[in-house]
Amino acid sequence: MARYDHAAGKRGPSHKTAASAGQSNIQAQQKAFWDLDVAIIARRDDEGERLMRELQRLRCNVRHIWPMPPQIPVQFDLVFCTLTEDLPQRIPWIPGEPEAALVVIDCGTGELDLQLIHNCAAHGVLHYPATPRTTQTCVALARGHFLYEKRLRGRIDKLDENLRTMRSVERAKSLLIRMKDVTEEEAYNYLRRQAMERRVTIGAVANAIIDSHELLS
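As a starting point, this report considers the structure included with it. All values reported here derive from a predicted model rather than from experimental measurement.

Rules of the game
- Residues numbered from 1 in each chain as written.
- Predicted model: local features only at pLDDT ≥ 70, side-chain atom pairs only at ≥ 80, totals over all residues.
- Heavy atoms only, no water.
- Pairing = 2+ DSSP bridges.
- Helix = DSSP H or I, 4+ residues; strand = E, 2+ residues; numbered from the N terminus.
- Axes fitted to C-alpha atoms, helices over the stretch in contact; angles between N-to-C directions.
- Buried < 20%, exposed > 50% of the residue type's maximum accessible area, 1.4 Å probe, protein only.
- Right-handed = clockwise from strand over helix to strand, strands pointing away.
- Salt bridge = Lys/Arg side-chain N within 4 Å of Asp/Glu carboxyl O.
- Parallel < 35°, antiparallel > 145°, perpendicular 65-115°, else oblique.
- Left-handed = near helix turned anticlockwise from the far one by under 90°.
- Contact = heavy atoms within 4.5 Å.
- Nonpolar A, V, L, I, M, F, W, Y, C, P; charged D, E, K, R; others polar.

Our focus in this paragraph is the sheet that holds strand β1 (residues 37–41). Strand order in the open sheet formed by five strands is β2-β1-β3-β4-β5, and the pairing between neighbours is parallel. On the outer flanks of this sheet lie β2 (61–65) and β5 (124–127), each paired with one strand and no other. In this sheet, adjacent strand axes meet at a mean angle of 20° when their direction is disregarded. Inspection of the sheet shows strand β3 (residues 78–82) paired to strand β4 (residues 101–106) by five bridges, in the parallel sense. In the strand pairing of β4, Phe-80 is matched with Val-103.

The following block contains the structure:
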């Protein structure tokens, strides 16, 4: 009996610690929604009011917009917008480069047009009625997908810049090899030395050499 009590005593705190850690994790996730600027572009009927209350319960800064504007506003972190046939034409950003997370609202009337949802490139779909669980899930997934896309675009932009720099460096090296009659390694060392002395990138030095050559040609 003593052994059992001792074991139970050891298990008790670990269970409490796990439960406490789980609760802390949930609270941290919910805090991620605090102060998000959210727009609701939908009729302010019973379902629209319910969605607004659920978002306010998550401590989001909510703004209701209706009638639907010619273009989806981009100054918000997240936009809930009623799904309409002309919604793709109202989205102002270039496909693949969203300026806000977008959740389309399916009001539950008529057939669900999956192709239309695809054309909107939405980060989530909310089907009325807006329950606490579905609303929180939509906010979390849409915001997460948007931030993930943003990180990917940043990496792509950086890779593109690196590729442009490499091309400029290669071209500048070819010019130096021809003009100064040096080896490829000597040409690169020259670019590197100039960049260090001027406290600029090697790409900037390469571009300056290319621009000067084109100006004098």
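There is more to say after this.
The side-chain alternation of β5 yields one buried face, formed by Gly-124 and Leu-126, and one unburied face, formed by Val-125 and His-127. Where β4 and β5 come together, four bridges link them in parallel fashion. When the sheet's bridge partners are listed, Val-103 is paired in β5 with Gly-124. Regarding topology, helix α4 (residues 114–120) serves as the crossover connection from β4 to the parallel β5, and that connection is right-handed.

Attention now moves to the pattern of salt bridges. Should their charged atoms come close, side chains of opposite charge can pair. In this structure the tally under the stated criterion is eight salt bridges. A salt bridge links Arg-57 to Glu-54, with the nearest nitrogen and oxygen atoms 3.1 Å apart. With Arg-57 and Glu-54 both in helix α2 (residues 46–57) and three residues apart, the pair spans about one turn of that helix. A relative accessible area of 48% places Arg-57 in the partly exposed class. Judged by relative accessible area, Glu-54 falls into the buried class, the value being 13%. Among the ionic contacts, a cluster of salt bridges with common partners joins Glu-170, Lys-173 and Glu-184.

It is the contact of helix α6 (residues 184–198) with helix α7 (residues 202–216), at a shortest axis distance of 8 Å, that shows an interaxial angle of 110°. With respect to α7, the element α6 is oriented roughly perpendicular. Judged by the sense of rotation from one axis to the other, the crossing of α6 with α7 is right-handed. In this structure, α6 uses Tyr-188, Tyr-190, Leu-191, Arg-192, Gln-194 and Ala-195 to contact α7, whose residues at the interface are Ile-202, Val-205, Ala-206 and Ile-209. Of the residues belonging to the contact of α6 with α7, the class tally is eight nonpolar, one polar and one charged.

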